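# Structural features, examined
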Amino acid sequence: MARLTRAQLTDLVQFVDALVAEEGCDHKFRHTRRWADEQRLAWNPIANALEELGGFCDCEVVMNCGPDNVFD
Ligand SMILES: [Zn+2]
């Protein structure tokens, strides 16, 4: 996860968590992708990094890819 800072990951998880709570997870990176687009970040490196952490959809990003999983 060298490409995202702790602050970015915190922001990502908060953003995705709120949208998953509202709209659910469709077993893709729908909300995560929206965050990356809004941050103007290249998508493929982020998807690869999240998958390495066990995040293969929005709800798994929230569960497995928070900063505490990555930095501690
Ligand atoms: Zn999911």
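This write-up is about the structure you can find in this document. Computed from a predicted model, the values in this text were never measured in an experiment.

### Structural notes on helix α1 (residues 6-23)
Along its 18 residues, α1 runs 25 Å from first to last C-alpha, staying within 8% of the 26 Å computed at 1.5 Å per residue. Among all positions in α1, only Leu9, Leu12, Val13, Phe15, Val16, Leu19 and Val20 are buried. Looking at the buried residues of α1, the elements they touch are α2 (30-38), α3 (43-52), α4 (58-64) and α5 (67-71). Just downstream of α1 lies glycine 24, where phi reads positive at about 85 degrees.

### Focus on the pattern of salt bridges
As enumerated under the stated definition, the model contains five salt bridges in all. Salt-bridge contacts for aspartate 26 lead to arginine 30; the nearest nitrogen and oxygen are separated by 3.0 Å. Measuring nitrogen to oxygen at the nearest pair gives 3.6 Å for the salt bridge that ties arginine 34 to glutamate 38. Note that arginine 34 and glutamate 38 are positioned in helix α2 at a spacing of four residues, about one turn of the helix.

### A closer look at the environment of phenylalanine 56
Relative to the elements of secondary structure, phenylalanine 56 occurs in the loop between α3 and α4. Separated by 10 residues in sequence, phenylalanine 56 and isoleucine 46 place their C-alpha atoms 11 Å apart. What phenylalanine 56 contacts, discounting residues up to four positions off in sequence, is His27, Phe29 and Glu51.

### Some words on the coordination of the zinc ion
By definition of the ideal shapes, four donors in a tetrahedron about a metal sit 109.5 degrees apart, and six donors in an octahedron sit 90 or 180 degrees apart. In this structure, Cys25 (SG), Cys57 (SG) and Cys59 (SG) serve as the protein donors to the zinc ion, at separations of 2.2 to 2.3 Å. Expressed as a motif, the donor residue spacing for the zinc ion is C-x31-C-x1-C. Residue class for cysteine 57 comes out buried when judged on its relative accessible area of 5%.

### Concerning the nonpolar core
Membership of the largest hydrophobic core comes to 18 residues, with the highest contact counts inside it found for Leu12, Trp35, Ile46 and Leu50. Those elements that place two or more of their residues in this core are α1, α2 and α3. Counting residues per element, this core draws most heavily on α1, at six residues.

### Concerning the packing of α2 against α3
Between α2 and α3, whose axes approach to 10 Å, the crossing angle comes to 135 degrees. Judged by the inter-axis angle, α2 sits oblique to α3. You can see that α2 and α3 cross each other, and the crossing is right-handed. Across the interface between the two elements, Thr32, Arg33, Trp35 and Ala36 of α2 pack against Trp43, Ile46 and Leu50 of α3. In terms of residue class, the contact of α2 with α3 is built from five nonpolar, one polar and one charged.

The rules behind the values
Residues numbered from 1 in each chain as written. Predicted model: local features only at pLDDT ≥ 70, side-chain atom pairs only at ≥ 80, totals over all residues. Heavy atoms only, no water. Helix = DSSP H or I, 4+ residues; strand = E, 2+ residues; numbered from the N terminus. Expected span 1.5 Å × (residues − 1). Buried < 20%, exposed > 50% of the residue type's maximum accessible area, 1.4 Å probe, protein only. Contact = heavy atoms within 4.5 Å. Salt bridge = Lys/Arg side-chain N within 4 Å of Asp/Glu carboxyl O. Donors = N, O, S within 2.8 Å, 3.2 Å for Na, K, Ca; no water. Core = buried A, V, L, I, M, F, W, Y, C linked by side-chain atoms within 4.5 Å. Axes fitted to C-alpha atoms, helices over the stretch in contact; angles between N-to-C directions. Parallel < 35°, antiparallel > 145°, perpendicular 65-115°, else oblique. Left-handed = near helix turned anticlockwise from the far one by under 90°. Nonpolar A, V, L, I, M, F, W, Y, C, P; charged D, E, K, R; others polar.

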